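The chain contents come next:
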Amino acid sequence: MKQTFITALKAELEHTFGRKIRSSRDCLQLVDAIFQRTGETINANTLRRFFGLVQSQYAASSATLLILCRYCGFDSPDEVEVNIRKQTTTDIARQEVLHYLVSLFRDVPPPEGQDYDRVLDNLTRRTIEFLERNEALIDPFQREVARTRAGQFYYYEQAVQMDHLNGSYGKGLRYYLAAKATPDAILFAHAIQVFRYWLNQDLRQLDKHMSRLADTPPHPHLAPHIMGRLMAARLFHLHAHGEITDKLLAEMRRYQSILKITRENSPSAVPDFELIICEALTLTGHLTEAREYLQRGRNYYAASHHLLPNEPLAIWETLLSNIDGRRTRKKNKAASIPSLDPLCRKYHSLLLYRLGTPLRQPSAKKQLATLVEETGFQIFAQPGANFILNKKEQF
């Protein structure tokens with residue numbers, strides 16, 4: 001097998017996995033990811049040999065290469081070879097491709113109320129994966145798709161690209177805000193920026209965007225996913241300043257009670273509010289409350305799981321289980337590494353590194369440092385566990 005193919009396949013594997021493969025721990029987690037995505041089993045030692053973590057005189061078998069290709073979204077090694085040739089010998093007809101991609105969003109309406117369209121969500125995700133391989137198209141695409149109602153909802157509001165929050169997606173929010181220019185858009189865009197700068201540990205920028213939120217009061221019919229982002233932003237702001245959160249937590253409960261009633265007439269509703277709030281509560285150390293919203297989200301997910309492209313609650317179930325295990329000094333054998341959302345692989349990997357098994361190996365610490373540098377999320381570089389747990393729930 002040509003070395004160019006092996007090198008390209010390694011790059012595809014690390015791109016799909018979301019980070020570099022540098023340790024045996026990474027290989028074990030990749031084994032789980034491959035099984036969850038393909039249903040195929042591969043030995044961790046095989047991966048160690050493939051990535052050169054241990055010396056071996058034997059090349060990977062054709063069966064192994066086929067499994068690895070399928071994990072990356074290719075049907076065969078031949079497709080990887082074709083992709084290599086395309087990247088090295090041809091250019092994309094940029095304007096034609098751009099026009100086609102934007103037209104997919106221009107001609108479809110956004111969902112009504114709390115309904116959700118899995119087909120459009122999958123379309124958005126496949127588009128994002130394509131753009132990641134063709135970075136020159138990202139900025140012009142984001143500018144044009146921001147002018148479509150479906151693009152505003154599916155690309156910007158639903159498909160928050162955490163791994164690119166300090167990059168292309170974060171920059172693209174200005175196109176979204178300029179094109180939509182409604183109170184809802186102002187609340188969503190600045191709430192996401194508050195989250196961004198909380199992760200970056202940039203208090204000045206956090207306060208700047210929080211002030212814009214304070215100048216834009218929410219209306220009674222604000223969509224649940226935007227209300228979730230707004231309340232999460234307020235929680236991050238209080239946490240950053242060390243202020244009491246009891247009043248906001250009570251407000252969250254009241255809103256969730258009202259939301260429960262409105263969802264009775266919307267069978268396609270998904271637990272987006274619960275997921276967003278669970279995330280914010282976990283990150284700020286409100287673990288008891290986070291478990292409550294996780295359970296509420298799980299109840300709604302049971303009725304709407306067929307609409308979702310992945311299992312969005314699994315990562316938070318794993319993280320909360322890991323925190324419980326570390327606090328009681330017991331290893332939770334039932335907890336496994338969930339399949340990471342392609343939009344958030346690096347972000348979720350950071351969470352698993354900081355809230356999973358304590359970092360002891362130099363390779364794990366190096367991987368953590370690399371992910372922090374790539375995402376810009378400085379909060380994960382803080383030593384110890386206090387960055388995630390409040391004073392009542394330290395371990």
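Reading the values: the criteria
Residues numbered from 1 in each chain as written. Predicted model: local features only at pLDDT ≥ 70, side-chain atom pairs only at ≥ 80, totals over all residues. Heavy atoms only, no water. pLDDT = per-residue confidence, 0-100. Contact = heavy atoms within 4.5 Å. Phe/Tyr/Trp six-rings, centres within 6.5 Å; stacked < 30°, edge-to-face > 60°. Buried < 20%, exposed > 50% of the residue type's maximum accessible area, 1.4 Å probe, protein only. Helix = DSSP H or I, 4+ residues; strand = E, 2+ residues; numbered from the N terminus. Lys NZ or Arg CZ within 6 Å of the ring centre and 35° of its normal. Axes fitted to C-alpha atoms, helices over the stretch in contact; angles between N-to-C directions. Parallel < 35°, antiparallel > 145°, perpendicular 65-115°, else oblique. Left-handed = near helix turned anticlockwise from the far one by under 90°. Nonpolar A, V, L, I, M, F, W, Y, C, P; charged D, E, K, R; others polar. Salt bridge = Lys/Arg side-chain N within 4 Å of Asp/Glu carboxyl O. Expected span 1.5 Å × (residues − 1). Core = buried A, V, L, I, M, F, W, Y, C linked by side-chain atoms within 4.5 Å.

1. Quick look at the confidence of the model for the protein
Here comes step 1: Within the protein, residue pLDDT values average 83, and 82% of them lie at 70 or more.
Here comes step 2: Low pLDDT, under 50, characterises residues 389-395; the stretch is placed with 17 contacts to residues that sit more than four places away or in other chains.

2. Notes on the packing of aromatic side chains
Each aromatic ring pair is described using two quantities: the centre-to-centre distance and the angle formed by the ring planes.
Here comes step 1: According to the stated counting rule, one finds 15 aromatic pairs in the structure shown.
Here comes step 2: Ring centres 4.8 Å apart and planes at 85 degrees place the aromatic pair Phe 153 and Tyr 154 in the edge-to-face group.
Here comes step 3: On the accessibility criterion, Phe 153 (13% relative accessible area) is buried.
Here comes step 4: When the ring of Tyr 156 is compared with that of Tyr 176, the centres are 5.4 Å apart and the planes differ by 40 degrees; the resulting orientation is tilted. Pair noted here: Tyr 156 is in helix α9 (residues 149-158) and Tyr 176 is in helix α10 (residues 168-180), with a separation of 20 residues, a long-range link. By the burial criterion, Tyr 156 is buried, and Tyr 176 matches it.
Here comes step 5: Put simply, the rings of Phe 105, Phe 141, Tyr 155, Tyr 156, Tyr 169, Tyr 176 and Phe 188 pair up and form one aromatic cluster.
Here comes step 6: Directly above the aromatic system of Phe 50 lies the positively charged group of Lys 10, at a separation of 5.7 Å from the ring centroid.
Here comes step 7: Here the basic side chain of Arg 296 rests over the ring of Tyr 293, its NZ or CZ set 4.6 Å away from the ring centre.

3. With respect to the packing of helix α1 (residues 3-17) against helix α4 (residues 62-71)
Two measures define how a pair of helices packs: the angle their axes make with one another and the distance between the axes.
Here comes step 1: Contact geometry for α1 and α4: axes closest at 9 Å, N-to-C directions at 45 degrees. As far as their axial angle goes, α4 and α1 are oblique. As for the relative orientation of α1 and α4, their crossing is left-handed in sense. Facing Phe 5, Ile 6, Leu 9, Leu 13, Thr 16 and Phe 17 of α1, the residues of α4 in contact are Leu 65, Leu 68, Cys 69 and Tyr 71.
Here comes step 2: Across the contact of α1 with α4, the residue classes tally to 9 nonpolar, 1 polar and no charged.

4. Remarks on the pattern of salt bridges
Here comes step 1: Applying the stated criterion to the full structure yields 13 salt bridges.
Here comes step 2: Two residues, Glu 317 and Arg 298, come together in a salt bridge whose shortest N-O distance is 2.8 Å. Taken together, the positions of Glu 317 in helix α17 (residues 314-327) and Arg 298 in helix α16 (residues 287-304) put the pair 19 residues apart, joining distant regions of the chain.
Here comes step 3: Classification of Glu 317 by relative accessible area gives partly exposed; the value is 32%.

5. Looking at helix α2 (residues 24-38)
Here comes step 1: Spanning 15 residues, α2 covers 21 Å between terminal C-alpha atoms, matching the ideal 21 Å at 1.5 Å per step.
Here comes step 2: For α2, the full list of buried residues reads Asp 26, Cys 27, Gln 29, Leu 30, Val 31, Ala 33 and Ile 34.
Here comes step 3: Remark: Gly 39 follows α2 within two positions and exhibits a positive phi of approximately 80 degrees.

6. A few points about helix α8 (residues 138-145)
Here comes step 1: Those residues of α8 lying buried are Ile 138, Pro 140, Phe 141, Gln 142 and Val 145.
Here comes step 2: Buried residues in α8 make contact with α6 (94-106), α7 (118-133), α9 and α10.

7. A few points about unusual backbone geometry
Here comes step 1: One non-glycine residue, Ala 181, adopts positive backbone phi at about 50 degrees.
Here comes step 2: Relative to the elements of secondary structure, Ala 181 occurs in the loop between α10 and α11 (183-200).
Here comes step 3: Residue class for Ala 181 comes out exposed when judged on its relative accessible area of 55%.
Here comes step 4: Positive phi, close to 65 degrees, is recorded for Gln 201, a residue that is not glycine.
Here comes step 5: Relative to the assigned elements, Gln 201 resides in the loop between α11 and α12 (203-214).

8. Quick notes on the nonpolar core
Here comes step 1: Counting residues in hydrophobic clusters, the biggest one holds 82 residues, and the most contacted among them are Phe 141, Tyr 156, Met 162, Leu 199, Tyr 347 and Phe 380.
Here comes step 2: Counting residues per element, this core draws most heavily on α11, at 11 residues.
Here comes step 3: If we ignore the near neighbours within four places in the chain, the residues touching Tyr 347 are Met 162, Asp 163, Phe 195, Leu 199, Glu 279, Leu 283, Trp 316, Phe 377 and Phe 380.
Here comes step 4: Counting 24 residues, the second-largest nonpolar core is a separate cluster that includes Phe 17, Ala 44, Phe 50 and Cys 69.

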